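Each chain, letter by letter, is given below.
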Amino acid sequence: MTPEELRAETPGFENCTYLNTGASGPSPRRVVEAATGCLERHEYDSPAGEGMYATADAVYTDAREAVADLLNTDERRVALTQSTTDGINRIASAIDFEPGDVVVRTDLEHSAGILPWQRLADLHDLEVRVLETHGGRVDPEEYAEAISDARLVCFSAITWTHGTRLPVRKLVEIAHDAGARVLVDAVQAPGQVALDVEEWGADAVAAAGHKWLLGTWGAGFLAVSPDFLADLEPRSVGYRSVAEPDADEYAFHEGARRLEIGTTNPAPYAALAEAIRTMDAVGYDRIESRIAELTDRLKAGLGEERLLSPREYESGLVTFADEHPEGTVERLAESGIRVRTLPGPEAIRASVHAINTEADVDALLEAL
């Protein structure tokens, strides 16, 4: 499948110049049809067939396998969630924190990587330490000093503020040498770059399917290392968490499924599996090269003096300075161009996917 063929299947790109997949990506017809088809089978056919729970369980299993393929990991390491925020919270709430424990995050994190630690600081008297960064970069020496006595470190694989790629494996190794666990927010990666969580070596990776994968809302996922999983004590439990739901005494599932809980709509997970396979059919070499070409065109048109993202390609997220970002984004929306503002400095972020075109980029530049 080519990016052009995928774009032709995605109605959300028909009536506007959509450059905001870093927030949420419109789904192709085949992904929406996977969701609606799943819901119809579940509600219309399964009551007289294998049963509604069995039908849903088959969808969950298929989604876990698709996620495992996406992340190059074992299906037993995968847990299904509703979003990245949900996944981070499930990890955070399962750690037996003690007063005085240190959690370190960067100043580049989305609210998903900020709010859970603020809440736990209130509940458990944690110290939440914020590492200052420089132009979307982490200084390794400053990082090593900040995490020297940390229990947990949380950072993003691709920063939502600058579109920079952090050196995940190196940061994980530094943290592990200091005795800290690592939770990676990877939500900006699936669908635009190839992933290998085994190579990263992180203790947990959280992401979701509704951005660059072009899945629907409501389907996220975790990948958790076996040794970290053994240390987690989930605070919530349900029939999907345990080995035998009807046993006299419960025992958590041996894999990451222990972090799942109970009944959820299977349709978003059917869409997630289809979205993963669709992007795989396009191919990540083709996706990355296309994004690189388009972002280079955009950055050249903006000029280096406006760029807050790196001039060289790192991702499809391009952030640039603007004196009146809210007004500019509103004006662009009136012209049918969808981008977003960012909190903090006066800035606008465009998200350029492989299914965007040169015409999309040129429309934004001309409107600016």
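Residues numbered from 1 in each chain as written. Predicted model: local features only at pLDDT ≥ 70, side-chain atom pairs only at ≥ 80, totals over all residues. Heavy atoms only, no water.

Looking at helix 7 (residues 168-177)
Residues that lie three or four places apart on an α-helix share one face, since the helix turns once every 3.6 residues. The complete set of buried residues in helix 7 reads Val-168, Leu-171, Val-172, Ile-174 and Ala-175. An end-on view of helix 7 places all buried positions within 165 degrees of arc, on one side of the element. Looking one or two residues beyond helix 7, the residue adopting positive phi is Gly-179, at roughly 85 degrees. (Buried < 20%, exposed > 50% of the residue type's maximum accessible area, 1.4 Å probe, protein only. Helix = DSSP H or I, 4+ residues; strand = E, 2+ residues; numbered from the N terminus. Arc of directions from axis to C-beta.)

A look at the environment of Val-329
Along the chain, the position of Val-329 falls in helix 12 (residues 325-334). Considered as a pair, Val-329 and Leu-152 are 177 residues apart in the sequence and their alpha carbons are 37 Å apart. Beyond its immediate sequence surroundings of up to four residues, Val-329 is in contact with Val-339, Arg-340, Thr-341 and Ile-348. (Contact = heavy atoms within 4.5 Å.)

Concerning the pairing of strand 2 (residues 78-81)
Residue alternation in strand 2 divides its side chains into two sets, Val-78 and Leu-80 and Ala-79 and Thr-81, and both sets are buried. One ladder, built from four bridges, connects strand 2 with strand 8 (residues 220-224); its direction is antiparallel. Each bridged residue has a counterpart across the sheet, and for Val-78 the counterpart in strand 8 is Ala-223. (Pairing = 2+ DSSP bridges.)

What to know about the sheet that holds strand 11 (residues 340-341)
An order of 9-12-11 is seen for the three strands of this open sheet, with the pairing classed as antiparallel. Single-partner strands in this sheet number two, and they are strand 9 (317-321) and strand 11. Inspection of the sheet shows strand 9 paired to strand 12 (residues 347-351) by five bridges, in the antiparallel sense. Of the residues in strand 12, the one forming a bridge with Ala-321 is Ala-347.

A short note on the pattern of salt bridges
The final tally for this structure, using the stated rule, is 23 salt bridges. Glu-293 serves as the salt-bridge partner of Arg-290, at 3.7 Å between the closest nitrogen and oxygen. Within this pair, Arg-290 and its partner Glu-293 are both found in helix 11 (residues 284-302), separated by three residues, close to a single helical turn. Under the relative-accessibility criterion, Arg-290 is labelled buried at 12%. We note a salt bridge from Asp-296 to Arg-311, for which the minimum N-O separation is 2.9 Å. Taken as a pair, Asp-296 in helix 11 and Arg-311 in the loop between helix 11 and strand 9 lie far apart in primary sequence, 15 residues in all. With relative accessibility at 39%, the residue Asp-296 sits in the partly exposed group. Judged by relative accessible area, Arg-311 falls into the partly exposed class, the value being 27%. One connected set of salt bridges, linked through shared partners, spans Arg-181, Asp-203, Asp-227 and Asp-231. (Salt bridge = Lys/Arg side-chain N within 4 Å of Asp/Glu carboxyl O.)

A look at a negative patch on the surface
Taken together, the side chains of Asp-107, Glu-132, Glu-141, Glu-142 and Glu-145 make up a negatively charged region of the molecular surface. Among the structural elements, Glu-141 can be located in helix 6 (residues 140-146). (Patch = residues over 30% accessible without salt bridge, like charges linked within 9 Å, V, L, I, M, F, W, Y side chains within 5 Å. Areas by Shrake-Rupley, 256 points an atom, 1.4 Å probe, with all protein chains shown as cover. Lys, Arg positive; Asp, Glu negative; His and termini not counted. Charge placed at Lys NZ, Arg CZ, Asp CG, Glu CD.)

Focus on the packing of aromatic side chains
Evaluated as defined, the whole model comprises five aromatic pairs. Judged by centre distance (5.9 Å) and plane angle (75 degrees), the rings of Tyr-53 and Tyr-239 are edge-to-face. Of the two residues, Tyr-53 sits in helix 3 (residues 52-71) while Tyr-239 sits in the loop between helix 9 (226-231) and helix 10 (267-282), which places them 186 residues apart along the sequence. Both rings, one in Tyr-250 and one in Phe-252, keep their centres 5.6 Å apart while their planes meet at 75 degrees; by these two values the pair is edge-to-face. We note Arg-240 situated over the ring of Tyr-60; from NZ or CZ to the ring centre the distance is 3.9 Å. (Phe/Tyr/Trp six-rings, centres within 6.5 Å; stacked < 30°, edge-to-face > 60°. Lys NZ or Arg CZ within 6 Å of the ring centre and 35° of its normal.)

Observations concerning the sheet that holds strand 4 (residues 127-131)
Strand order in the open sheet formed by seven strands is 2-8-7-6-5-3-4, with mixed pairing between adjacent strands. Edge positions in the open sheet fall to strand 2 and strand 4, since each of these has one partner strand only. Here the average twist between neighbouring strands, direction ignored, is 20 degrees. The pairing of strand 6 (residues 181-185) with strand 7 (residues 204-208) spans three bridges and is parallel. Pairing of Leu-183 across the sheet is with Ala-204, part of strand 7. Seen against the sheet, helix 3 touches strand 2 and strand 8 and runs at an angle of roughly 115 degrees to strand 2. (Axes fitted to C-alpha atoms, helices over the stretch in contact; angles between N-to-C directions.)

Some details on the packing of helix 4 (residues 84-94) against helix 5 (residues 115-124)
Between helix 4 and helix 5, the least distance of the axes is 10 Å, while the angle of their chain directions is 25 degrees. By the criterion of interaxial angle, the relationship of helix 4 to helix 5 is roughly parallel. Where helix 4 crosses over helix 5, the two elements pack in a sense that is right-handed. For the pair helix 4 and helix 5, contact is made by Ile-88, Asn-89 and Ala-92 and by Pro-116, Trp-117 and Leu-120, respectively. The class makeup of the residues in the contact of helix 4 with helix 5 is five nonpolar, one polar and no charged. (Parallel < 35°, antiparallel > 145°, perpendicular 65-115°, else oblique. Left-handed = near helix turned anticlockwise from the far one by under 90°. Nonpolar A, V, L, I, M, F, W, Y, C, P; charged D, E, K, R; others polar.)

Focus on the side chain of Arg-181
Structurally, Arg-181 can be placed in strand 6. At 2.9 Å, the side chain of Arg-181 and the side chain of Asp-227 are in polar contact. If we ignore the near neighbours within four places in the chain, the residues touching Arg-181 are Arg-151, Leu-152, Val-153, Asp-203, Asp-227, Phe-228 and Asp-231. (Polar contact = N/O pair within 3.5 Å; in protein donor to acceptor, adjacent residues only side chain to side chain.)

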